[in-house]
Amino acid sequence: DASAGPIHMLFFPLMSPGHMIPMVDMARLFATHGVRSTIVTTPLNAANIRLTVDSSAARGLPLSLRVIPFPDPAATGLAPGQENLSAVSTAHFNTFVMALFHFQAPLAALLRELRPDVLVSDSLFTWTADLALENGIPRLIFHGAGAFPLFVLSNLVNYLPVEPSTESFIMNGLPHPIRLYKNGLPELVDNLFMLKLLGEAEAKSYGVVVNTFHDMEPSYVNYYKNRNQAGIKAWCVGPISLCCRAAVERAERGESSADRGRLLAWLDSKPAGSVVYVCFGSLCHISGPQLKEIALGLEASGKAFLWVVRREAAEDAVVEAEWMPEGFEKRVEGRGLVVRGWAPQVEVLGHAAVGWFVTHCGWNSLQESVCAGVPMITWPLFHEQFINEALVVDVMGVGVRMWEGFRRNRLEEAKVLVTAEEVVAVVGRLVGGGGKEVEAVGRKAKEYGEAARKAVEEGGSTYEDVTSLIKELDAKRKEGQKDV
Ligand code: UDP
């Protein structure tokens, strides 16, 4: 009797760190609730998560991994080894997204073989909606974004087309009227074809799992949960990074950063709240001139800083000598640390020395900052990051803008240069600073951090959502078996 065992959920994450990290953690979260969880990914991505999966399995969690090949470079136009969005230049993001359509046959075969009870699919795999229907199983969508950006995005449809410009407009119909800059809208609004596919796929799906918690964006969570007459449900399963602390365990095993020990020791030497942590996520491509302004700004601010400079994807690699100010690291020695590559971000944010986070407002970074109770200095770059910024600054009040989004040009990669003076003005004023504004933002951040912890505890809103989702899926499976 198959209905007696635990339900089996198949997780198919988008191959990008900002989607894989939370989805792998989500699979683990469900496994801790006794759900048989299988993650499907490609060989190079599997190599990155195998330790997490194996160590969880070794502790008895029903978590496993299935590997399917990445589509042939001849069919996709990608170079061999480009199995993750973080290995692709911004100009080729679309090529990568198109390559994802080649996963249809292997995933269909896998569904026939494994017969899972549920498919949790990244939203970008729009074709999995039909696949799930054909297999008679519910499809749950994972967007990687929160309720607020999802709400704004779905509302944007009423405003399209929005020509890029420096103008702003007020989006109505929200619990708080929101000012949006036309240049600060996601690139997605330029891609009506993709928006249509996403909408159609959602209409065919069972529900959405959102990496958020009720008290972080209550109006939007409520709206999002109740919005759809079509019956597409939503469950909040976040903050996922807090639910199972997998990110911290990964770091402790040395998976995420060779520099971890040096970095934490350095933080240990700093007074509480004195350090600004600067990191722009896993996909950003920041130009040489901009990197130089950041360096000069951090130096002139006089504040302690931990700055992560991502190793750029090969094609538009920025030669360090071209932007790193001469003698920079020597001059800031002791006060500032440059990390090349990858920092154990969840751990860094959790360190008492970190007082502010200069962030691009990627959804995971934002959540991780909220969990740690660290206020943000917002510096969005692209995608829905400007929308997330509005949530952080205008709705939640846990951040301060570094620059105004209307200055960017959505159609040109070159974008704007935020000057060293601007960096000095904001970082200098906020980090270790006093005054009403700074205190209010800091206090709010702490309150949200507390609320995040409550949400994931037994009896908290996230805990309840996760357990009720599992119950519902179990009931649905039994119903399905009766129909056969
Ligand atoms: N991250 C990290 N160390 C780094 C850069 C990023 O651990 O040096 C993690 C970060 O904690 C987050 C994810 O990578 O979980 C980035 O996701 P986010 O949504 O913030 O931004 P994206 O990379 O998708 O733009």
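Per chain, residues are indexed from 1 in the order of the written sequence. With the structure being a predicted model, the display of local features is reserved for residues of pLDDT at least 70 and the display and counting of side-chain atom pairs for 80 or more, all residues being used for whole-chain, interface and lining totals.

A word on the overall build of the chain. A count of helical and extended segments in the chain gives 21 helices and 15 strands. Just to be clear, the radius of gyration here is over C-alpha atoms, and the globule rule we use is 2.2 Å times residues to the power 0.38. The C-alpha atoms of the chain give 22 Å as radius of gyration, which agrees with the globular expectation for 484 residues (23 Å, within 12%). For the chain, the spread of C-alpha atoms along the three principal axes comes to 70 × 50 × 50 Å. Residue pairs in contact within the chain that sit at least 24 positions apart in sequence constitute 73% of those at least 6 positions apart. Put simply, DSSP marks the helices as runs of H or I at least four residues long and the strands as runs of E at least two long, and each gets a number from the N terminus on. Contacts are defined on C-beta atoms placed from the backbone: any two residues whose C-beta positions lie within 7 Å are in contact.

Glancing now at the packing of helix H13 (residues 288-301) against helix H19 (residues 420-430). Angular values range over 0 to 180 degrees, each being the angle between N-to-C directions of two axes fitted as lines to C-alpha atoms, with helices fitted over their stretch in contact. At a closest axis distance of 8 Å, the pairing of H13 and H19 adopts a crossing angle of 40 degrees. Viewed along their axes, H13 and H19 adopt a mutual orientation that is oblique. Note on packing geometry: the crossing formed by H13 with H19 is right-handed. Contacts between H13 and H19 involve Glu293, Ile294, Leu296, Gly297, Leu298, Ala300 and Ser301 from the former and Ala420, Val423, Val424, Val427 and Gly428 from the latter. The cut-offs work like this: below 35 degrees is roughly parallel, past 145 is roughly antiparallel, 65 to 115 is roughly perpendicular, and the gaps in between are oblique. Handedness of a helix crossing follows the sense of rotation of the near helix relative to the far helix, less than a right angle counterclockwise being left-handed and clockwise being right-handed.

Residues in close proximity to the ligand total 18 residues, the closest being Gly18, Gly281, Ser282, Gly362 and Ser365. Of all the secondary-structure elements, those providing two or more residues to the shell around the ligand are helix H1 (17-32), helix H16 (345-350) and helix H17 (363-372). The dominant element in the shell around the ligand, judged by the number of residues it contributes, is H17, at four residues. Any residue that is not Ala, Val, Leu, Ile, Met, Phe, Trp, Tyr, Cys, Pro, Asp, Glu, Lys or Arg is counted as polar, Gly included; the first ten are nonpolar and the last four charged. Residue composition of the shell around the ligand, grouped by class: nine nonpolar, eight polar and one charged. Put plainly, near means the residue's C-beta atom, positioned from the backbone, lies within 6 Å of the molecule or strand in question.

A few words now on the environment of threonine 90. As for its placement among the helices and strands, threonine 90 is situated in the loop between helix H3 (73-76) and helix H4 (93-99). Taking the C-alpha atoms as reference points, threonine 90 and leucine 283, separated by 193 residues in sequence, lie 8.1 Å from one another.

Turning next to the nonpolar core. The term nonpolar core refers to a group of buried residues, namely Ala, Val, Leu, Ile, Met, Phe, Trp, Tyr and Cys, whose C-beta atoms join them within 7 Å. Note on burial: count the other C-beta atoms lying within 10 Å of the residue's C-beta; 20 or more is buried, 12 or fewer is exposed, in between is partly exposed, and C-beta positions come from the backbone. Counting residues in each nonpolar core, the largest one holds 133 residues, and the members touching the most others are Phe11, Val120, Tyr277 and Ile377. Sorting elements by how many residues they give to this core places H1 first, with nine residues. Not counting chain neighbours up to four residues away, the residues in contact with phenylalanine 11 comprise Met23, Met26, Ala27, Ser37, Thr38, Ile39, Val40 and Val120.

Spatially, seven strands are ordered E3-E2-E1-E4-E5-E8-E9 in an open sheet, and the strand pairing comes out parallel. The open sheet has two edge strands, strand E3 (63-67) and strand E9 (233-236), and neither has a second partner. Within this sheet the neighbouring strands show an average axis-to-axis angle of 25 degrees, counted without direction. Pairing of strand E1 (residues 8-12) with strand E4 (residues 118-122), which is carried by four bridges, proceeds in the parallel orientation. Only strands that DSSP links by at least two bridges are regarded as paired with each other.

What follows covers unusual backbone geometry. Residue proline 161 is reached from leucine 160 by a cis peptide bond, and omega for that bond is -10 degrees. Relative to the elements of secondary structure, proline 161 occurs in the loop between helix H7 (147-156) and strand E6 (168-171). Look at arginine 115: it is not a glycine, yet its phi comes out positive at around 45 degrees. Within the secondary structure, arginine 115 is located in the loop between helix H5 (104-114) and E4. Of the residues examined, arginine 115 has 13 C-beta atoms within 10 Å and is grouped as partly exposed. Its identity is not glycine, yet cysteine 361 carries a phi of approximately 70 degrees, on the positive side. You can see cysteine 361 is positioned in the loop between strand E13 (354-359) and H17. Note on cysteine 361: 27 C-beta atoms within 10 Å, which makes it buried.

Moving on, we get to the pairing of E4. Counting buried residues in E4 gives five out of five residues, a clear majority hidden from the surface. The two faces of E4 match: Val118, Val120 and Asp122 on one face and Leu119 and Ser121 on the other face are all buried. Throughout, right-handed denotes a crossover for which the path from the first strand over the helix to the second runs clockwise when the strands point away from the viewer. Chirality of the crossover, the property in question, places the unit of E4, helix H6 (residues 128-134) and strand E5 (residues 139-142) among those that are right-handed.

Let us look at the pairing of E3. Judged from the five bridges that link them, strand E2 (residues 36-41) and E3 form a sheet pairing that is parallel. Note that in E3 the partner of threonine 38 across the bridge is serine 64. Read as a crossover between parallel neighbours, the route from E2 over helix H2 (residues 43-58) to E3 is right-handed.

Structurally, serine 274 is set in the loop between helix H12 (260-268) and strand E10 (275-279). With 18 C-beta atoms counted inside 10 Å, the residue serine 274 sits in the partly exposed group. Separated by 124 residues in sequence, serine 274 and valine 398 place their C-alpha atoms 17 Å apart.

A sheet is described by the order of its strands in space; here six strands give the open sequence E12-E11-E10-E13-E14-E15, paired in parallel fashion. Each of the sheet's edge strands pairs with one partner strand only, and the pair in question is strand E12 (336-340) and strand E15 (399-401). Between one strand axis and the next, the sheet turns by 20 degrees as a mean value, whatever way the strands run. Summarising the sheet, E10 and strand E11 (residues 304-309) pair through four bridges and their orientation is parallel. What sits directly across from tyrosine 277, in E11, is leucine 306.

For the rest of this paragraph, the subject is H19. Among all positions of H19, only Val423, Val426, Val427 and Leu430 are buried. The arc enclosing the buried residues of H19, seen along the axis, measures out at 90 degrees, which places them on a common side. Residues of H19 that are buried in the fold lie against E10, H13, E13, strand E14 (376-378), E15 and helix H20 (435-456). An arc is given here, and it is the one of the directions from the helix axis to the C-beta atoms.

This part covers the environment of valine 275. Tracing the chain through its elements places valine 275 in strand E10. Sequence-distant contacts of valine 275, defined by excluding residues within four places in its chain, comprise Leu267, Lys270, Ala304, Phe305, Leu306, Ala353, Val354 and Gly355.

Next up on the list: the packing of H1 against H2. Where H1 meets H2, the closest approach of the two axes is 11 Å, and the angle between their N-to-C directions is 20 degrees. If you check the angle between H1 and H2, you find them roughly parallel. The hand of the H1/H2 crossing is right-handed. Across the interface between the two elements, Met20, Val24, Arg28 and Ala31 from H1 touch Asn45, Ile49, Thr52 and Ser56 from H2. Grouping the constituent residues of the contact of H1 with H2 by class yields four nonpolar, three polar and one charged.

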